[in-house]
Amino acid sequence: MRTVFVNGNYVDENDAKISVFDRGFLFADGVYEVTSVLGGKLVDFEGHFARLRRSLGELEMGFDMSRDQLLDMHRELVSRNRLDEGLVYMQVTRGAADRDFAFPPEGTPNTVVGFTQSLNLLDSPKAKTGISVILADDLRWGRCDIKTVQLLYPSLVSMQARRQGEQGAWLVRDGFVTEGTANNAYIVTKEGTIVTRDLSPSILSGITRKAVLACADKLQMKVEERPFSVEEIANAKEAFTTASTIFVMPVIEVEGKKVGDGQPGPVARKLREIYIEESLKNAI
Ligand code: PDD
């Protein structure tokens, strides 16, 4: 049984309650963060906190937990659940109020929940074999830079991938890849340049993306932040994807076609190794 966090309290998961009037439930009026845990420590907590603040700001949502309080909550969840490796999920909504499209009165308390999930992050079998992804139209809304809990379209696309026997999906708008359903997308060109879409409202500014690009820079790999087309994938040497839940994951097949030689490539492998090394060093 897990201990979860609900509005200031740590309770057994079976005793956790939120209102049926919660705006997260009725309007997907909430934001979230997923922070990975290695050896019982949080990876890039500061990055996740900064992005949470940004998401809240973009939605004009008040939030009265400080950085230190949120850090305590994360640590407390890790410790109470004896989590060694996995993630902490946390979500903030605009709270519970009579159903109305307009925001509730100022001062309506947020709903804040948090829980842990155990995961094999370091020794992931998929990281060794690589994954295959499908391509799907990106039919999400225009503010994918805000990490909202409005995840129905990514969920539908993930299910489509699953039904086709594939492990993930990359989203495409106007012939160019935006990102994965829950990760950022990259190719490595024949010349060895890493290409990933530049930051804009079309994608989420991944915390792992930022760290991985810093690793690439450190390794003096060439990086271009720009959209890449579906045709460019066919000519790429490698592809990979990044997120807190998968770190750096090689992509060996896209829409049924092998990428490069159809094996996890050296760039993805090296970046994964260095990213893990840095994360183990810097986790708090
Ligand atoms: N998803 N793009 C999207 C659409 C995402 O949902 C995520 C993360 C990322 C990668 O962000 P980060 O590197 O900060 O995890 C990119 C989380 C893990 C999820 O929804 O489970």
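See the structure shown above.
K.L.:
Which residues make up the pattern of salt bridges, and what values do they have?
P.N.:
This model, assessed by the stated rule, comprises 21 salt bridges. Residues E76 and R80 are paired through a salt bridge, measuring 3.0 Å at the closest nitrogen-oxygen approach. Of this pair, E76 and R80 both sit in helix α3 (residues 67-80), 4 residues apart, which is roughly one turn of that helix. Salt bridges here are not isolated pairs; linked through shared partners, they connect R54, E58, R143 and D145.

K.L.:
Describe the site of the ligand, listing the residues and the values that go with them.
P.N.:
The environment of the ligand is made up of 20 residues, and the closest members are Y32, E179, I207, T208 and S244. For the ligand, a nitrogen atom lies 2.6 Å from a polar atom in the side chain of E179. In the environment of the ligand, an oxygen atom lies 2.8 Å from a nitrogen or oxygen atom belonging to the backbone of I207. Burial of the ligand by the protein amounts to 90% of the accessible area it has alone, namely 470 Å².

K.L.:
With reference to specific residues and values, describe the packing of aromatic side chains.
P.N.:
Two aromatic rings, taken as a pair, are described by how far apart their centres are and by the angle between their planes. Within this structure, the stated rule accounts for 8 aromatic pairs. Ring centres of Y32 and Y89 lie 5.4 Å apart, and the angle between their planes is 25°; on these two criteria the pair is classed as stacked. Residue Y32 is located in strand β3 (residues 30-38), and its partner Y89 is located in strand β5 (residues 86-93); the two are separated by 57 residues in the primary sequence. Judged by its relative accessible area of 10%, Y32 is buried. With 4.8 Å between their ring centres and 15° between their planes, Y89 and F115 make a pair best called stacked. Of this pair, Y89 sits in strand β5 while F115 is found in strand β6 (residues 111-118), placing the two residues 26 residues apart along the sequence. By relative accessible area, Y89 is classed as buried at 15%. Of note, R94 hangs over the ring of F103, and the distance from its end group to the ring centre comes to 3.5 Å.

K.L.:
Run through helix α6 (residues 207-218), naming residues and quoting values.
P.N.:
Here α6 contains 12 residues, and its C-alpha end-to-end distance of 17 Å stays within 8% of the 16 Å for a straight helix at 1.5 Å per residue. Looking at α6, one finds that the buried residues are I207, T208, R209, V212, L213, C215 and A216. Of the residues trailing α6, Q220 is marked for its positive phi of about 60°.

K.L.:
Now, about a nonpolar patch on the surface: what can you tell me, with residues and values included?
P.N.:
Among the surface-exposed residues, V20, F21, F25 and L26 lie close enough to one another that they form a single nonpolar patch of about 410 Å² accessible area. Structurally, V20 is set in the loop between β2 (9-12) and α1 (23-27). In this structure V20 comes out as exposed when scored by relative accessible area, which is 55%.

K.L.:
Please provide a residue-by-residue account of the pairing of β5, values included.
P.N.:
With 8 of 8 residues buried, β5 is to be regarded as a mostly interior element. As paired strands, β3 and β5 are joined by 8 bridges and run antiparallel to one another. Within the sheet, the bridge partner assigned to V34 lies in β5 and is Y89. In terms of strand pairing, β5 meets β6 through 8 bridges, oriented antiparallel. Across the sheet, the residue bridging to M90 is G114, located in β6.

K.L.:
So what's going on with the side chain of E238? Residues and values would help.
P.N.:
Within the secondary structure, E238 is located in strand β13 (residues 238-243). Within polar-contact distance, the side chain of E238 engages the backbone nitrogen of V267 at 2.8 Å. A polar side-chain atom of E238 sits 2.9 Å from the main-chain amide nitrogen of A268. Look past the residues within four positions of E238 in its chain and what remains in contact with it is I187, V188, V259, G265, P266, V267 and A268.

Each value, and the rule that gives it
- Residues numbered from 1 in each chain as written.
- Predicted model: local features only at pLDDT ≥ 70, side-chain atom pairs only at ≥ 80, totals over all residues.
- Heavy atoms only, no water.
- Salt bridge = Lys/Arg side-chain N within 4 Å of Asp/Glu carboxyl O.
- Helix = DSSP H or I, 4+ residues; strand = E, 2+ residues; numbered from the N terminus.
- Near = heavy atom within 4 Å.
- Polar contact = N/O pair within 3.5 Å; in protein donor to acceptor, adjacent residues only side chain to side chain.
- Areas by Shrake-Rupley, 256 points an atom, 1.4 Å probe, with all protein chains shown as cover.
- Phe/Tyr/Trp six-rings, centres within 6.5 Å; stacked < 30°, edge-to-face > 60°.
- Buried < 20%, exposed > 50% of the residue type's maximum accessible area, 1.4 Å probe, protein only.
- Lys NZ or Arg CZ within 6 Å of the ring centre and 35° of its normal.
- Expected span 1.5 Å × (residues − 1).
- Patch = residues over 30% accessible without salt bridge, like charges linked within 9 Å, V, L, I, M, F, W, Y side chains within 5 Å.
- Pairing = 2+ DSSP bridges.
- Contact = heavy atoms within 4.5 Å.

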